[in-house]
Each structure stands twice: as C-alpha cells, then as structure tokens.
Amino acid sequence: MRISVIGCGYLGAVHAAAMASIGHEVVGIDVDEQKISLLSAGEAPFFEPRLTDILAEGIASGRLMFTTEFAAAAGATVHFVGVGTPQIQGGYAADMTYVNAAIDALLPHLSEGDIVAGKSTVPVGTAASLEPRVSAVGATLVWNPEFLREGFAVQDTIDPDRLVAGVPAGREGGRAAQVLREVYHPSIAKGTPFIVTDYATAELVKVSANAFLATKISFINAMAEIAEVVGGDVTVLADALGYDVRIGRRFLGAGIGFGGGCLPKDIRAFSARAEELGRGESVAFLREVDEINMRRRQRAVELVVQGLGGSVYEKNVTVLGAAFKPYSDDIRDSPGLDVAVLLHGLGARVTVTDPQAIPNARRQHPQLTYVADRDEALTGADAVILVTEWDEYRRELSPEHASGLAAGRVIVDGRNGLDPAAWRAAGWTYLGMGRP
Ligand code: UGA
C-alpha cells in the first residue's frame, strides 16, 4: 500500500521505516530539512536500536523515501500523522500547533477516499474537532494511537501489544478500519488484537495507558518513601507484590522516577483536558503522581549530600547516565539530568557520562562537565550516582573496578539496579532509593 507519514521524529521516522519493512511503499514528510537529509541518507537523527538497519533496507529497496514536500503525500492511500504534542509553554495542556499545521499542509494533497490516521498523542476530542475538515475533502479521519517505547520502538511498531483504531460511525468507519487492517496485516496475522472503536475511546486508550504506567511507578515510589522511614526495602516489596499476577512486577521499579517526552507531559495534558471537560476531580490523583515523581529527584540529591557528610560543595560527583532511560539518547525531562543540574546548583563539581546522550545533554545544560568514557568520568569522584541503568553501569561496572578509579567510596543507586552487598563488601557506602 502507498503510505505517507507526516512528522519524522521519534514516532514518525520509526513508523515510516517500519511500514516500509513490512512491505509498504512509504514517503516520510517533515518540515525539518536537516532531519530529512539524514533520513534520506539512511541515518537516524536520534539513537534507536535497529532503526538504521530498517532505514537502510527500506531506502535500498526503493520503498522508503523522505522529503520536505507535502505534495509527495498525494497518491498515498493512508496518511499517518505523527507529529509532536509537547507541553505548552507556561501551562500543562498539550501544544497542538504541530498537529494543526500538519493537517493544514496535508489537506490540499488529499484525494477522495484517502484515510488520514492520527498517531500523535492528543487531548480527547481532537479527532472529532478535526474530522469535518478532513471529510470536507472526501477523506476519512481515523485515530490510531501509538504505544511504542523508546529503545524498543522498532519492535513495538512491527509487533505491538495491540492496535487501536478510532473510526467514525457508519460505512465510512467500517471501510477505514478495513484499510488499517490491511496496513497492519502482518502483525494482525500473528495474533495482535485489533480494536475498533470510536474516536474518543481511541484517544483515551492512549492517555490512560500512560497515566496508568505513571501511576504504577509513582505508587512504588510512594512505597519507597514509606520504606525509607521504617527501614524497609522497596525492591523486595516490589518483588513480593509482583508475584500477584493482578499487580505484576513490571513498572514497579522504584528510583528517581519517570521522565522522557511522554509520561510527564501526557499526565499533565490529561489533567488539563479533564479540567476543560469539567472532570478535573476524576484525575486529580495525577497531580499526586506527578508530585511523588518530582520528589524522588530531590531525594536522590539528598542521598548524595548525606553520603558526602552533609555538603556536596566543591566535591566531585560523577553522574552515570543522562538519557531518561537506557537504549535512548533522549534527554527530554530526564530525571537523572535534573539531579545532575541540582547537584551543580549546590556547588558540586558534576561530571556526567552517558553512552549516547552527551551531545543532547551538553546542548541543554552546557554548565555541566561531560566525559564520554565511563572510567575517565569515574576517576577522582568523591561520590557516584547511577541515574540511567545502562548495562555498562548496572551490570558491567564492578565495585572493585570503580574502587581503582574513584577517590571516595559513596555510591547512590538512583535506579536500584546495583547489588548493595557487593558494593558494601568492596568498602563502599551504598545508598539506594527506598532501601535500608
Ligand atoms: C512510554 C510508554 O511506556 C509507551 O507505551 C508510550 O507509547 C510512550 O511513553 C509514548 O507515549 O510515546 P517511553 O517514554 O519510551 O514510553 O518510556 P518508558 O519505558 O515508559 O519509561 C518512562 C520512564 O519511566 C523512564 O524514565 C523510566 O526510567 C521510568 N521507569 C520505568 C521507572 O522509573 N520505573 C519503572 O519501573 C519503569
């Protein structure tokens, strides 16, 4: 099938390449010339495992191309819209500028019978408000939210847990759902559930999934706060809770909390939208979820201060990680980078290392020192804090090896990913989050 993908960021670039990899003929369109020239050369503008492979394959096969020309969308049967919906400046709502601009730019190139499939995470009610403009040119609007995780984006796009299609009522909706079934045929044939519903439900599935995940993380971080007072161990608690299949262990990782370009801004946009709908109280708990999350960053700073005997002033602190999570170079609302900035503000000499995210981190926080090599970053450290659980810090860094580099013996485990017994046995003061 001929497909256009509007927006070539984390979502769109992966979607375009993944659609080509399952056999479609795809054009990716973005206003950012630099991004388009990189993608056209088969290079990913950001770090995402497997992305360069499927980009190169798609381009070599002739089924995948990228352009800044919206006219290239003409002739495609399905037009996916995957532009960003960041938090607005000075508020909590989602900034819809890019979605509106994408629809405006796309409309003149649509033909009778085309399908426009929104993938961006949007406030509930967006599809209904855009629908008249799309149907006015004879096309059909569907909402087909995306659930990919950064770091696993290719896998999640090709083999998602589920596919959701919000369609208009009546025959048009039935036809649009059928076209999407054809687009995703390889995945559906493997058993992926395909849920057809109305616009509002489709939009809600997306925001409520992220709200639930954020709530799960903040729940366990709230338990960490209690464990800190009573001397309990939140990691053992999470293991024990996780054996209950109704609860499950995943996303019960306590630590410095969630960040990234999705969870934080999505729960805020959801709260803002619920307020607009007169149902603010229904998701009032998301404020608490957000607050618990933000408190953990402060707590991590306190642990470093405590480990260094009450002050970090003029102390060398090495921060292991900058990305908001491993297998990503994304630093949007990175909790770890926030912790680094807070420590810098307290007068510490902060050195940040990360296998992928240094260029992005440096651009946003030039006041910090960045060292690409892990061991060089550890050399002379008075305290070390793990904030992103990359394998090279969590699995591959032994306390004995670190002892040969660092000046001090304080390790703060912001992700509860290290073995406290091993670090203590090597003479380190180990401070975890919600662990004695
Ligand atoms: C999230 C959702 O997981 C995806 O399903 C969704 O499609 C995506 O947002 C989106 O809306 O586009 P992502 O932001 O890539 O995906 O990252 P997650 O894997 O959800 O992690 C989010 C944050 O939570 C990270 O900072 C991670 O370190 C933190 N986290 C995760 C914890 O603190 N504890 C955990 O147990 C799990």
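These numbers were taken from a predicted model, which means no experiment stands behind them.

Chemist: Can you walk me through the side chain of N210 in this structure?
Modeler: As for its placement among the helices and strands, N210 is situated in helix α9 (residues 199-230). Take N210: its relative accessible area is 8%, and that puts it in the buried class. What N210 contacts, discounting residues up to four positions off in sequence, is C262, L263, D266 and I267.

Chemist: Explain the nonpolar core here, please?
Modeler: Where a protein is soluble and globular, its nonpolar side chains tend to be buried together. Ranked by size, the top nonpolar core spans 47 residues in total, and within it V304, L337, L343, V350, V352, I385 and W423 carry the most contacts. Listed by contribution, the elements that provide at least two residues to this core are α12 (285-307), β9 (316-320), α13 (335-345), β10 (349-353), α14 (358-364), β12 (383-386), β13 (410-413) and β14 (429-432). Formed by 39 residues, the second largest nonpolar core is a distinct cluster that contains V14, V142, V167 and V183.

Chemist: I would appreciate a short explanation of the site of the ligand in the present structure.
Modeler: The environment of the ligand is formed by 21 residues, the closest being L148, E150, K206, N210 and G253. One of the backbone nitrogen or oxygen atoms of L148 is found 2.7 Å away from an oxygen atom of the ligand. Between the ligand and N210, the relevant distance is 2.7 Å, taken from an oxygen atom to a side-chain nitrogen or oxygen of the residue. Relative to its free-state accessible area of 720 Å², the ligand is covered by the protein chains to the extent of 88%. Listed by contribution, the elements that provide at least two residues to the shell around the ligand are α9 and α11 (263-276). The greatest single-element share of the shell around the ligand, amounting to four residues, is contributed by α9.

Chemist: Would you mind showing me how to read the sheet that holds β9 here?
Modeler: Whether parallel or antiparallel, the strands of a sheet pair through hydrogen bonds between backbone atoms. Strand order in the open sheet formed by six strands is β11-β10-β9-β12-β13-β14, and the pairing between neighbours is parallel. Since the sheet does not close on itself, it has two edges, and those belong to β11 (369-370) and β14, each with one partner. Against the sheet, α13 touches β9, β10, β11 and β12, its axis set at about 160° to β10.

Chemist: Hey, could you run me through the pattern of salt bridges in this one?
Modeler: Close approach of charged atoms lets side chains of opposite charge pair. One pass over the full model with this rule turns up 23 salt bridges. Here R175 makes a salt bridge to E172, at a shortest N to O gap of 3.8 Å. On the criterion of helical spacing, the pair formed by R175 and E172 is a turn pair, its members being three residues apart in helix α7 (residues 171-183). With relative accessibility at 33%, the residue R175 sits in the partly exposed group. Since its relative accessible area comes to 37%, E172 is described here as partly exposed. Two residues, E228 and R299, come together in a salt bridge whose shortest N-O distance is 3.1 Å. You can see E228 sitting in helix α9 and its partner R299 sitting in helix α12, a full 71 residues away along the chain. Of the residues examined, E228 reaches a relative accessible area of 24% and is grouped as partly exposed. When salt bridges that share partners are traced, they join E228, R296, R299 and E302 into one network.

Chemist: In this structure, what is going on with a nonpolar patch on the surface? I would like to understand it.
Modeler: A contiguous nonpolar patch, built from I226, V229 and V230 and spanning about 340 Å² of accessible area, is present on the exposed surface. Position of V229 relative to the elements: it lies in helix α9. Take V229: its relative accessible area is 71%, and that puts it in the exposed class.

Chemist: Honestly, α13 in this entry has me stumped. Any pointers?
Modeler: For α13, the full list of buried residues reads P335, G336, L337, V339, A340 and L343. Looking at the buried side of α13, the elements it contacts are α12, β9, β10, α14, β11 and β12. After α13 finishes, the residue G347 shows a positive phi value of roughly 95°.

Chemist: Sorry if this is basic, but what is going on with helix α1 (residues 10-21) here?
Modeler: Residues spaced three or four apart along an α-helix face the same direction, because each turn holds 3.6 residues. Along its twelve residues, α1 runs 17 Å from first to last C-alpha, staying within 8% of the 16 Å computed at 1.5 Å per residue. Those residues of α1 that fall on the buried side of the exposure criterion are L11, G12, A13, V14, H15, A16, A17, A18, M19 and A20. At the C-terminal side of α1, G23 shows a positive phi close to 110°.

Chemist: When you look at the packing of aromatic side chains in this model, what are you seeing that I'm missing?
Modeler: The tally for this structure, following the rule as stated, stands at six aromatic pairs. Ring geometry for Y10 and F46: centres 4.4 Å apart, planes at 35°, overall tilted. Pair noted here: Y10 is in helix α1 and F46 is in the loop between α2 (33-40) and α3 (51-61), with a separation of 36 residues, a long-range link. Taking relative accessible area as the criterion, Y10 reaches 21% and is therefore assigned partly exposed. In this structure F46 comes out as buried when scored by relative accessible area, which is 9%. When the centroid spacing of 6.1 Å and the interplanar angle of 65° are considered together, the rings of F152 and Y327 count as edge-to-face. Here Y327 lies in the loop between β9 and α13 and F152 lies in the loop between β6 (140-143) and α6 (153-158), a separation of 175 residues in the sequence. The exposure class of F152 is partly exposed, given its relative accessible area of 33%. An aromatic cluster is defined as three or more aromatic residues linked by ring pairs; in this entry it consists of F47, F152, Y327 and W390.

Chemist: Which parts of the structure should I look at to understand the domain arrangement of the chain?
Modeler: Accessible area lost upon the coming together of the parts serves often as the stated size of an interface. On domain assignment, one finds that the chain holds domain 1 (2-197) and domain 2 (198-436). Of note, the centres of domain 1 and domain 2, computed from C-alpha atoms alone, are 31 Å apart. Counting the surface domain 1 buries against domain 2, the share from its top three residues, F47, V124 and E150, is 27%. Applying the counting criterion to the domain 1 and domain 2 interface returns one salt bridge. Summed over the shared surface of domain 1 and domain 2, the number is 14 residue pairs in polar contact (both at pLDDT 80 or more). Among the secondary structure elements, those contributing two or more residues to the side of domain 1 that touches domain 2 are α5 (126-136), β6 and β7 (163-166). Considering each element in turn, the side of domain 1 that touches domain 2 owes the most residues, four residues, to α5.

Rules and cut-offs
- Residues numbered from 1 in each chain as written.
- Predicted model: local features only at pLDDT ≥ 70, side-chain atom pairs only at ≥ 80, totals over all residues.
- Heavy atoms only, no water.
- Helix = DSSP H or I, 4+ residues; strand = E, 2+ residues; numbered from the N terminus.
- Buried < 20%, exposed > 50% of the residue type's maximum accessible area, 1.4 Å probe, protein only.
- Contact = heavy atoms within 4.5 Å.
- Core = buried A, V, L, I, M, F, W, Y, C linked by side-chain atoms within 4.5 Å.
- Near = heavy atom within 4 Å.
- Polar contact = N/O pair within 3.5 Å; in protein donor to acceptor, adjacent residues only side chain to side chain.
- Areas by Shrake-Rupley, 256 points an atom, 1.4 Å probe, with all protein chains shown as cover.
- Pairing = 2+ DSSP bridges.
- Axes fitted to C-alpha atoms, helices over the stretch in contact; angles between N-to-C directions.
- Salt bridge = Lys/Arg side-chain N within 4 Å of Asp/Glu carboxyl O.
- Patch = residues over 30% accessible without salt bridge, like charges linked within 9 Å, V, L, I, M, F, W, Y side chains within 5 Å.
- Expected span 1.5 Å × (residues − 1).
- Phe/Tyr/Trp six-rings, centres within 6.5 Å; stacked < 30°, edge-to-face > 60°.
- Domains from an automatic or database assignment.
- Buried area = accessible area lost by both parts, 1.4 Å probe.

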